[in-house]
Amino acid sequence: MKLISLACIIIGAILVFLFNDQSAYDKYFKILGFVLLMFGLYKSTQLWVKDNPKDDKKDEPKSLDDHLKE
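Residues numbered from 1 in each chain as written. Predicted model: local features only at pLDDT ≥ 70, side-chain atom pairs only at ≥ 80, totals over all residues. Heavy atoms only, no water.

(A) The overall build of the chain, seen in detail. A count of helical and extended segments in the chain gives four helices and zero strands. Tracing the chain from N to C terminus, the helices and strands come up as α-α-α-α. Looking at the chain residue by residue over its 70 residues, the buried ones come to 17%. Expressed as a percentage of contacts within the chain between residues at least 6 apart in sequence, the contacts between residues at least 24 apart total 57%. Counting only carbon and sulfur atoms, one obtains 66% of the accessible surface of the chain, whose full area is about 6200 Å². (Helix = DSSP H or I, 4+ residues; strand = E, 2+ residues; numbered from the N terminus. Buried < 20%, exposed > 50% of the residue type's maximum accessible area, 1.4 Å probe, protein only. Contact = heavy atoms within 4.5 Å. Areas by Shrake-Rupley, 256 points an atom, 1.4 Å probe, with all protein chains shown as cover.)

(B) Focus on the environment of phenylalanine 17. Summarising the element assignment, phenylalanine 17 is placed in helix 1 (residues 2–18). For the pair phenylalanine 17 and glycine 33, spaced 16 residues apart in sequence, the C-alpha to C-alpha distance is 8.7 Å.

(C) Structural context of helix 1. With 17 residues, helix 1 should cover 24 Å at 1.5 Å per step; its first-to-last C-alpha distance of 24 Å lies within 8% of that length. For helix 1, the set of buried residues is Ser5, Cys8, Gly12, Leu15 and Val16. Looking down the long axis of helix 1, one finds its buried residues gathered within 100° of arc, a one-sided arrangement. Of the exposed residues in helix 1, those oriented more than 90 degrees away from the buried face are Lys2, Leu3, Phe17 and Leu18. Next to the buried residues of helix 1 lie helix 2 (26–51). (Expected span 1.5 Å × (residues − 1). Arc of directions from axis to C-beta.)

(D) Structural context of the side chain of aspartate 26. Assignment of secondary structure puts aspartate 26 in helix 2. Despite its burial, aspartate 26 pairs with no opposite charge; the closest candidate is lysine 30, at 7.6 Å N-O. Once residues within four sequence positions are removed from consideration, aspartate 26 is found in contact with Phe19, Asn20 and Asp21. (Lys, Arg positive; Asp, Glu negative; His and termini not counted. Salt bridge = Lys/Arg side-chain N within 4 Å of Asp/Glu carboxyl O.)

(E) The packing of helix 1 against helix 2, seen in detail. One way to put it is that helix 1 packs onto helix 2 with a least axis distance of 7 Å and a crossing angle of 150°. The orientation of helix 1 with respect to helix 2, classified from their angle, is roughly antiparallel. Pair helix 1 / helix 2 crosses with left-handed handedness. Considered class by class, the residues forming the contact of helix 1 with helix 2 number 14 nonpolar, five polar and four charged. (Axes fitted to C-alpha atoms, helices over the stretch in contact; angles between N-to-C directions. Parallel < 35°, antiparallel > 145°, perpendicular 65-115°, else oblique. Left-handed = near helix turned anticlockwise from the far one by under 90°. Nonpolar A, V, L, I, M, F, W, Y, C, P; charged D, E, K, R; others polar.)

(F) Examining the side chain of serine 44 more closely. Relative to the helices and strands, serine 44 resides in helix 2. Discounting chain neighbours no more than four positions away, the residues touching serine 44 are Ser5 and Ile9.

Here's what the structure looks like:
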């Protein structure tokens with residue numbers, strides 16, 4: 001899955017920056033490139049979230065009793 005998201009990002013970036021709107025179909029290739037780029041970024045952020053689960057205990061604010069115990 002990581003390979004697919006990386007390939008989508010690379011192919012999307014190539015499609016976006018390769019064409020310069022000289023032919024009638026270049027804008028469609030750019031749109032396809034943006035779609036692939038966004039899909040690849042979406043998939044990669046899903047993988048990052050799965051790899052780094054949120055630790056709820058660290059994010060909770062300390063209560064007054066916790067501060068007084070320290």
